[in-house]
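Letter by letter, the chains look like this.
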Amino acid sequence: MEQKAKNVSPFSNESRSAYVVEHLTSSMLALLKEKPVAEISISELCAMAGVGRTSFYRNYEEKEDIIKAYMIRLSQSWMDKCKITPNLPVSETVRIVFSHFEANRDFYSLLNERGLVYLLKDIILDLCGFNPDQEVIAAYSSAYAAFFLYGWIETWFKRGMGESAEELAALMEQKQ
């Protein structure tokens, strides 16, 4: 009896997952340029990405998770810079963070335009080392630092992203 060749994908699970994530991400960003996230259906997103709904749900729970994952990948280099140096002056943290926003202005402008800046909150909490299981002083101190920085970020977006990273760092140096 002759055996038939199996129909096996040439991609490994990791390659397939990376393909799905890449295509869902680029499709989400393209659709966000056209309309708010609430008006983007998962079916439309998957069709544009050329992947099935099962692939979407294997990687994400909701559409916003695509944006969060992209922001985390985009933010990794500046988060590493900030975390590598303990006790980094706040003004230098501001310089690093806002330099990142300037370098990725188109993406963050889109987030601002679509009312999605709030998605940065968890990234900032992580950057500042917030963990609700910390000792009381540490938990509240890290939350204070995170929401202070997030407040500056949100204000910067609301003011039209006008000040440069250097200007904001200088403002912080005046406050220290």
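To keep things clear, this report deals only with the structure shown in the data block. Within any chain, residue numbers begin from 1 and follow the written order of that chain's sequence. Residue-level local features of this predicted model are given only where pLDDT is at least 70; pairs of side-chain atoms are given and counted only at 80 or more, and the full residue set underlies all totals for whole chains, interfaces and linings. To get the side-chain values, take all heavy atoms of the structure and skip hydrogens and water.

1. Re the side chain of serine 75
Going along the chain from the N terminus, every DSSP run of H or I of four or more residues is numbered as a helix, and every run of E of two or more is numbered as a strand. Take serine 75: it is sitting in helix H4 (residues 63–84). The rule is simple: take the accessible area with a 1.4 Å probe, protein chains only, and divide by the maximum for that residue type; under 20% is buried, over 50% is exposed, in between is partly exposed. Residue serine 75 is classed as buried on the basis of its relative accessible area of 0%. Within polar-contact distance, the side chain of serine 75 engages the backbone oxygen of methionine 71 at 2.6 Å. By definition, residues are in contact when any of their heavy atoms lie within 4.5 Å. Ignoring any residue separated from it by four or fewer positions in sequence, one finds serine 75 in contact with His100, Tyr108 and Ile123. Definition of a polar contact: a pair of N or O atoms within 3.5 Å, with one able to donate and the other able to accept a hydrogen when the atoms are protein atoms, and with sequence-neighbouring residues admitted only if both atoms are side-chain atoms.

2. Some thoughts on the nonpolar core
Residues Leu24, Ile67, Trp78, Phe98, Tyr108, Leu120 and Ile153 are the most contacted members of the largest nonpolar core, which totals 50 residues. Taken together, the elements giving at least two residues each to this core come down to helix H1 (13–34), helix H2 (42–49), H4, helix H5 (90–103), helix H6 (105–113), helix H7 (121–127), helix H8 (136–158) and helix H9 (165–175). Those residues in contact with isoleucine 67 that sit more than four places away from it in its chain are Met28, Leu32, Phe107, Leu111, Leu116 and Leu119. Note on terminology: a nonpolar core comprises buried Ala, Val, Leu, Ile, Met, Phe, Trp, Tyr and Cys residues joined through side-chain atoms within 4.5 Å.

3. Re the pattern of salt bridges
Pairing is possible between side chains that carry opposite charge, provided their charged atoms lie close to one another. Each reported salt bridge corresponds to a side-chain nitrogen of Lys or Arg within 4 Å of a carboxyl oxygen of Asp or Glu. If you walk through the whole model with that rule in mind, you get 7 salt bridges. Put simply, arginine 95 and glutamate 166 hold a salt bridge, and the shortest N to O gap is 3.0 Å. Placement of the pair is arginine 95 in helix H5 and glutamate 166 in helix H9, with a sequence separation of 71 residues. A residue is classified by how much of its surface remains accessible, and arginine 95, at 18% relative accessible area, is buried.

4. Quick notes on the environment of serine 41
Mapped onto the elements of the fold, serine 41 is located in the loop between H1 and H2. Taking the relative accessible area as the measure of exposure, serine 41 reaches 35% and is therefore partly exposed. Each C-alpha atom, one on serine 41 and one on alanine 170, is 43 Å from the other, the two residues being 129 residues apart in sequence. Polar contacts involving the side chain of serine 41 include one to the main-chain amide nitrogen of glutamate 44, which spans 2.9 Å.

5. Brief notes about unusual backbone geometry
Notably, methionine 161 is not glycine yet its phi reads approximately 60°, a positive angle. Here methionine 161 lies in the loop between H8 and H9. Given a relative accessible area of 6%, methionine 161 falls into the buried group.

6. Here we look at the layout of surface pockets
Taken as a whole, the largest pocket spans an internal volume of roughly 320 Å³. Cavities and pockets are defined on a 1 Å grid built over the protein atoms alone: a cavity is a set of grid points where a 1.4 Å probe fits but cannot escape, while a pocket is an open set with protein on both sides within 12 Å along at least five of seven lines, and lining residues are those with an atom within 4 Å of any such point. Every residue lining the largest pocket is counted, 16 residues in all, and those nearest its centre are Leu88, Val90, Thr93, Cys128 and Ala145. Secondary structure elements with two or more residues in the lining of the largest pocket: H4, H5 and H8. The element contributing the most residues to the lining of the largest pocket is H8, with 6 residues. Classes in brief: Ala, Val, Leu, Ile, Met, Phe, Trp, Tyr, Cys and Pro nonpolar; Asp, Glu, Lys and Arg charged; the others, Gly included, polar. Considering only residue class, the lining of the largest pocket consists of 10 nonpolar, 5 polar and 1 charged. Grid points are joined across faces, edges and corners, and a volume is the space filled by probe spheres set on the points.

7. Observations concerning the packing of aromatic side chains
Pairing of aromatic rings covers Phe, Tyr and Trp, the last counted by its six-membered ring, and requires centre-to-centre distances within 6.5 Å; plane angles under 30 degrees mean stacked, over 60 mean edge-to-face, and any other angle means tilted. If you walk through the whole model with that rule in mind, you get 12 aromatic pairs. Between phenylalanine 101 and tyrosine 108, the ring centres sit 4.6 Å apart and the planes meet at 75°, which makes this aromatic pair edge-to-face. For phenylalanine 101, a relative accessible area of 0% translates into the label buried. Pairing phenylalanine 101 with phenylalanine 157 gives two aromatic rings, centres 5.8 Å apart and planes at 55°, and the pair type is tilted. Taken together, the residues phenylalanine 101 in helix H5 and phenylalanine 157 in helix H8 connect sequence positions 56 residues apart. For phenylalanine 157, a relative accessible area of 2% translates into the label buried. Each member of the aromatic cluster is reached from another via a ring pair, and the members are Tyr70, Phe98, Phe101, Phe107, Tyr108, Trp156 and Phe157.

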